[in-house]
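Structural characterization, general
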Amino acid sequence: MSEPYGKAFSLMRAEAEPAWRAYTHHAFVEGLKAGTLPREAFLHYLQQDYVFLIHFSRAWALAVVKSETHSEMLAAVGTVNALVAEEMQLHIGICEAAGISQEALFATRERAENLAYTRFVLEAGYSGDLLDLLAALAPCVMGYGEIGKRLTAEATSTLYGDWIDTYGGDDYQAACKAVGTLLDDALERRLGAEFTSSPRWSRLCQTFHTATELEVGFWQMGLTP
């Protein structure tokens, strides 16, 4: 298997099958690809995802606190900036074009599926170290990268082209690779080059797997406004 986002991600991804496929090939994703996803469902998802990104940004800010090196801090700060200055702006722009103001977007009532996922990620960081946090964060970052790259090649409609272009574009793909490098380096620094032999590896894979399952639930939530 190729490792476009790093060795550790590739191994965790393999451990998370078939949940990973359920996430990256969910009916919501296929609707984006074909342009058959109802606009109401897409806008509902965007509003919930905006709230998600607020908490996700806080989790990446926590990664700065959990870092042990300057390079780790730089990678975390770069991701926070990409989330706040770029990804959240995509949501704001699409929603404003649909008549949903930024104020209304920020005031979105958080669904239970959203709350469960974001608090799981934050708790992984609060109670663990950078490795626990990155294992919980990686499915979202790299999953969207994988989805965006696939849909860029396979999309048969341009209806959701802005969304697909964002996650399939060079900037986001570079961010995924940077996070993959951060994960690999953090594992080697803390657990050694043979990090898969560490007693912690299976627990980190379980955290990754749980976050992947929560991603599946997030897509399903998007289909039920």
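It should be noted that the structure appears before, not after, this text.
The notes below deal with the structure included here. These figures come from a predicted structure and were not determined experimentally.

1. Comments concerning helix α9 (residues 161–168)
Restricting attention to buried positions, one finds in α9 the residues G161, W163, I164, Y167 and G168. Each buried residue of α9 sits inside an arc of 160° when the element is viewed along its axis, so together they form one side. Exposed positions of α9 whose direction lies more than 90 degrees from the buried face are D162 and D165. Its buried side turned inward, α9 meets α3 (27–34), α4 (39–66), α5 (70–97), α8 (130–154), α10 (170–191) and α11 (201–222).

2. Considerations on the packing of α4 against α5
With their axes 9 Å apart at the nearest point, α4 and α5 run at an angle of 160° to one another. Taken together, the axes of α4 and α5 lie roughly antiparallel to each other. The two elements α4 and α5 cross, and the hand of that crossing is left-handed. Of the residues in the contact of α4 with α5, the class split is 21 nonpolar, 4 polar and 3 charged.

3. A word on the environment of A124
Mapped onto the elements, A124 comes out in helix α7 (residues 112–127). Once you skip the residues sitting within four places of it in the chain, A124 turns out to touch D132, L133 and A136.

4. With respect to the nonpolar core
The nonpolar side chains of a soluble globular protein tend to be buried, and buried together. Core analysis: the largest hydrophobic core is formed by 72 residues, its most contacted members being F42, Y45, F56, W60, Y144, W163 and W219. Look past the residues within four positions of F56 in its chain and what remains in contact with it is L83, L137, C140 and V141.

5. Some points on the side chain of E87
Along the chain, the position of E87 falls in helix α5. R58 is the oppositely charged side chain nearest to the buried, salt-bridge-free E87, at an N-O distance of 15 Å.

6. Considering unusual backbone geometry
Most peptide bonds are trans, and most residues other than glycine sit at a negative phi. A cis amide bond links E17 with the next residue in sequence, P18, at an omega value of 5°. Tracing the sequence through the fold places P18 in the loop between α1 (7–15) and α2 (19–24).

7. Observations concerning α4
Taking 1.5 Å as the rise per residue, α4 with 28 residues should run 40 Å; its terminal C-alpha atoms sit 39 Å apart, in good agreement. Within α4, 20 of the 28 residues are buried, leaving the element largely enclosed by the surrounding structure.

8. Looking at the side chain of S67
Here S67 is to be found in the loop between α4 and α5. Exposure remark for S67: the relative accessible area of 15% places this residue in the buried category. Engagement of the side chain of S67 in a polar contact is seen with the backbone oxygen of A63, the distance being 2.7 Å. Contact partners of S67, with chain neighbours within four places excluded, come to E72, M73, L130 and R190.

9. A short note on the pattern of salt bridges
Summed over all chains, the structure comprises 14 salt bridges. A salt bridge links E17 to R13, with the shortest nitrogen-to-oxygen separation between them at 3.9 Å. E17 sits in the partly exposed class, given a relative accessible area of 36%. Taking relative accessible area as the criterion, R13 reaches 17% and is therefore assigned buried. One continuous salt-bridge network, built from bridges that share partners, spans E30, K33, R150 and E154.

10. Topic: the packing of α5 against α10
In the contact formed by α5 and α10, the axes pass within 10 Å of each other and the chain directions differ by 150°. The pairing of α5 with α10 is recorded here as roughly antiparallel in orientation. Helix-helix and strand crossings are classified by hand; for α5 and α10 the assignment is left-handed. Of the residues in α10, those in contact with E72, A75, T79 and E87 of α5 are Y172, V179, L182, A186, R189 and R190. In terms of residue class, the contact of α5 with α10 is made up of 5 nonpolar, 1 polar and 4 charged.

Thresholds applied
- Residues numbered from 1 in each chain as written.
- Predicted model: local features only at pLDDT ≥ 70, side-chain atom pairs only at ≥ 80, totals over all residues.
- Heavy atoms only, no water.
- Buried < 20%, exposed > 50% of the residue type's maximum accessible area, 1.4 Å probe, protein only.
- Helix = DSSP H or I, 4+ residues; strand = E, 2+ residues; numbered from the N terminus.
- Arc of directions from axis to C-beta.
- Contact = heavy atoms within 4.5 Å.
- Axes fitted to C-alpha atoms, helices over the stretch in contact; angles between N-to-C directions.
- Parallel < 35°, antiparallel > 145°, perpendicular 65-115°, else oblique.
- Left-handed = near helix turned anticlockwise from the far one by under 90°.
- Nonpolar A, V, L, I, M, F, W, Y, C, P; charged D, E, K, R; others polar.
- Core = buried A, V, L, I, M, F, W, Y, C linked by side-chain atoms within 4.5 Å.
- Lys, Arg positive; Asp, Glu negative; His and termini not counted.
- Salt bridge = Lys/Arg side-chain N within 4 Å of Asp/Glu carboxyl O.
- Expected span 1.5 Å × (residues − 1).
- Polar contact = N/O pair within 3.5 Å; in protein donor to acceptor, adjacent residues only side chain to side chain.

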